[in-house]
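# Descriptive analysis of the structure
What follows is the residue order along each chain.
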Amino acid sequence: MLEQIEGLPPGTLGFRAHGQVTAADYEQLLVPEVEALFALNRKLRMLFVVAPDFTGFDAGAMWDDFMLGIRHISGWDRVALVTDVPWLRTATKVTSFLVPADFRLYALAELEQATRWIAEPVAGE
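Residues numbered from 1 in each chain as written. Predicted model: local features only at pLDDT ≥ 70, side-chain atom pairs only at ≥ 80, totals over all residues. Heavy atoms only, no water.

### Thoughts on the overall build of the protein chain
Here is the rule we go by: Each helix corresponds to a stretch of at least 4 residues labelled H or I by DSSP, and each strand to a stretch of at least 2 residues labelled E; elements are numbered beginning at the N terminus. Using C-alpha atoms as the atom set, the radius of gyration is obtained and then compared with a globule rule of 2.2 Å times the number of residues to the power 0.38.
A count of helices and strands for the protein chain gives four helices and seven strands. For the protein chain, the succession of helices and strands along the chain, N to C, is β-β-β-α-β-β-α-β-α-β-α. Relative to the 2.2 N^0.38 estimate, which gives 14 Å for 125 residues, the radius of gyration of the protein chain is 14 Å and therefore close to what a compact globule would have. Dimensions of the protein chain along its principal axes, counting C-alpha atoms only, are 40 × 30 × 30 Å.

If you want it as structure tokens, here you go:
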């Protein structure tokens, strides 16, 4: 399941993944929120936190994630993934070059640091 993280600055969305994340989670929460924010902003920042009780993504959720990224390929400003899940950290390190944004990977103990980074202004803004 996904839950939205509140209190982030304008132009920034945050989500926390618990248990099994499904296509329905993406289609009912994440995709509508992302699309609504893109309707107001040219660039978007995202903080994605994988909670300790996370068990995985179903195939539909992975497909929705991929399609959302492709649909807005040039719209991502910063993306922070916060997780201690070993396989997810490894997969992210191997594929992070595919993320069309300033991307950083953080451990759960670094959540506060990730939240500060996602919110800080980019030089020249």
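### Describing the nonpolar core
The following threshold applies: In these notes, a set of buried Ala, Val, Leu, Ile, Met, Phe, Trp, Tyr and Cys residues joined through side-chain atoms within 4.5 Å is what counts as a nonpolar core. Buried means the residue's accessible area, taken with a 1.4 Å probe over protein chains only, is under 20% of the maximum for its type, while exposed means over 50%, and partly exposed covers the values in between.
Counting 23 residues, the largest nonpolar core has Tyr26, Leu30, Val34, Phe48 and Trp76 as its most contacted members. Of all the secondary structure elements, the ones that give two or more residues to this core are strand 2 (12–17), helix 1 (23–40), strand 4 (44–50), helix 2 (59–71) and strand 6 (76–82). At six residues, helix 1 tops the list of elements feeding residues into this core. Core analysis: the second largest hydrophobic core is formed by ten residues, Ala80, Ala114, Trp117 and Ile118 among them.

### Looking at the packing of aromatic side chains
Each aromatic ring pair is described using two quantities: the centre-to-centre distance and the angle formed by the ring planes. Here is the rule: Think of it this way: a Phe, Tyr or Trp ring, Trp meaning its six-membered ring, pairs with another when their centres are within 6.5 Å, and the plane angle makes it stacked under 30 degrees, edge-to-face over 60, tilted otherwise.
Scanning the model with the defined rule gives six aromatic pairs in all. The interplanar angle of 35° and the centroid separation of 6.4 Å between the aromatic rings of phenylalanine 48 and phenylalanine 57 together place this pair among those described as tilted. Joined through ring pairs, the aromatic side chains of Phe48, Phe54, Phe57 and Trp87 make up one cluster.

### Some details on the environment of methionine 1
Applied cut-off: Any two residues whose heavy atoms approach within 4.5 Å are treated as being in contact.
If you trace the backbone, methionine 1 turns up in the segment before strand 1 (2–4). Among the residues examined, methionine 1 registers a relative accessible area of 48% and is labelled partly exposed. For the pair formed by methionine 1 and phenylalanine 15, sequence separation is 14 residues and the distance between their alpha carbons is 10.0 Å. Ignoring sequence-local partners within four residues, the contact set of methionine 1 consists of Arg16, Ala17, His18, Gly19, Gln20, Val21 and Asp25.

### Quick word on the side chain of threonine 12
Within the fold, threonine 12 resides in strand 2. Note on threonine 12: relative accessible area 8%, which makes it buried. Every residue in contact with threonine 12, bar those within four places of it in the chain, is listed here: Leu37, Arg45 and Ile118.

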